[in-house]
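# Notes for the structure review
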Amino acid sequence: RIDLASLNFAPQDWTDAEWQSFFEALDQQQSGLLSLADLRRYFGDVLRLGSAELSGLYKANEGHFSLEVLKNNYEKLLPLCTRDRVQQLIARRPGSFRGIEAPIFKAEDCMNCTILVC
């Protein structure tokens, strides 16, 4: 089992078993679907992403946040970059970049977005 508190973000080269283990660590109810509270617990509380961003992503997937949906949207949940967004509020709260020396935040192909980085 993965210790979520020790992770900054998942490597892009994880095996299917590692992704499954990560997903199971997030899925507090072990229901096979992540709730908004599950997303907020790690991506909000640990990685310090904004609540509006997480809610929007959850709603965009109609509350059906499976392992496959997590994999397909993971890049949108990384603290150091965001891309392909339209009319969204994107926030990185204080502490988002802890432990990263001289972080560089990248926003690519974001149209009419409000981006807040603390």
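The structure under discussion appears in the preceding block.
Residues numbered from 1 in each chain as written. Predicted model: local features only at pLDDT ≥ 70, side-chain atom pairs only at ≥ 80, totals over all residues. Heavy atoms only, no water.

All told, the structure shown has five salt bridges when counted by the stated rule. Here glutamate 53 and arginine 92 are joined by a salt bridge, their closest N and O atoms 2.6 Å apart. You can see glutamate 53 sitting in helix α3 (residues 51–60) and its partner arginine 92 sitting in strand β2 (residues 89–92), a full 39 residues away along the chain. We note a salt bridge from glutamate 108 to lysine 106, for which the minimum N-O separation is 3.6 Å. A relative accessible area of 44% places lysine 106 in the partly exposed class. It is possible to trace a salt-bridge network through shared partners that takes in Glu53, Arg85 and Arg92. (Salt bridge = Lys/Arg side-chain N within 4 Å of Asp/Glu carboxyl O. Helix = DSSP H or I, 4+ residues; strand = E, 2+ residues; numbered from the N terminus. Buried < 20%, exposed > 50% of the residue type's maximum accessible area, 1.4 Å probe, protein only.)

What helix α2 (residues 36–44) keeps buried is the set Leu36, Asp38, Leu39, Tyr42, Phe43 and Gly44. If you follow the buried residues of α2, they end up packed against α1 (16–26), α3 and α4 (67–73). (Contact = heavy atoms within 4.5 Å.)

Counting 23 residues, the largest nonpolar core has Phe22, Phe43, Phe65 and Leu70 as the members making the most contacts within it. The set of elements that each furnish at least two residues to this core consists of α1, α2, α3 and α4. The residues contacting leucine 70, other than those within four sequence positions of it, are Trp19, Phe22, Phe23, Leu26, Leu34, Phe43, Phe65 and Leu77. (Core = buried A, V, L, I, M, F, W, Y, C linked by side-chain atoms within 4.5 Å.)

Moving on to the packing of α2 against α3. One can describe the packing of α2 onto α3 by two numbers: an axis separation of 10 Å at closest approach and a directional angle of 140°. With respect to each other, α2 and α3 are oriented oblique. Between α2 and α3 lies a crossing whose hand is right-handed. Of the residues in α3, those touching α2 at Leu36, Leu39, Arg40, Phe43 and Gly44 are Ser51, Leu54, Ser55 and Tyr58. Here the contact of α2 with α3 is composed, by residue class, of five nonpolar, three polar and one charged. (Axes fitted to C-alpha atoms, helices over the stretch in contact; angles between N-to-C directions. Parallel < 35°, antiparallel > 145°, perpendicular 65-115°, else oblique. Left-handed = near helix turned anticlockwise from the far one by under 90°. Nonpolar A, V, L, I, M, F, W, Y, C, P; charged D, E, K, R; others polar.)

Those residues of α3 not exposed but buried are Glu53, Leu54, Ser55, Leu57 and Tyr58. Close packing links the buried residues of α3 with α2, α4, β1 (81–86) and β2.

All right, on to unusual backbone geometry then. With a phi angle near 50°, glutamine 30 is a residue other than glycine that sits in the positive phi range. With respect to the helices, strands and loops of the structure, glutamine 30 is situated in the loop between α1 and α2. By relative accessible area, glutamine 30 is classed as partly exposed at 46%. In this structure, glutamate 62 takes a positive phi of about 55° despite not being glycine. Locating glutamate 62 in the fold gives a position in the loop between α3 and α4.

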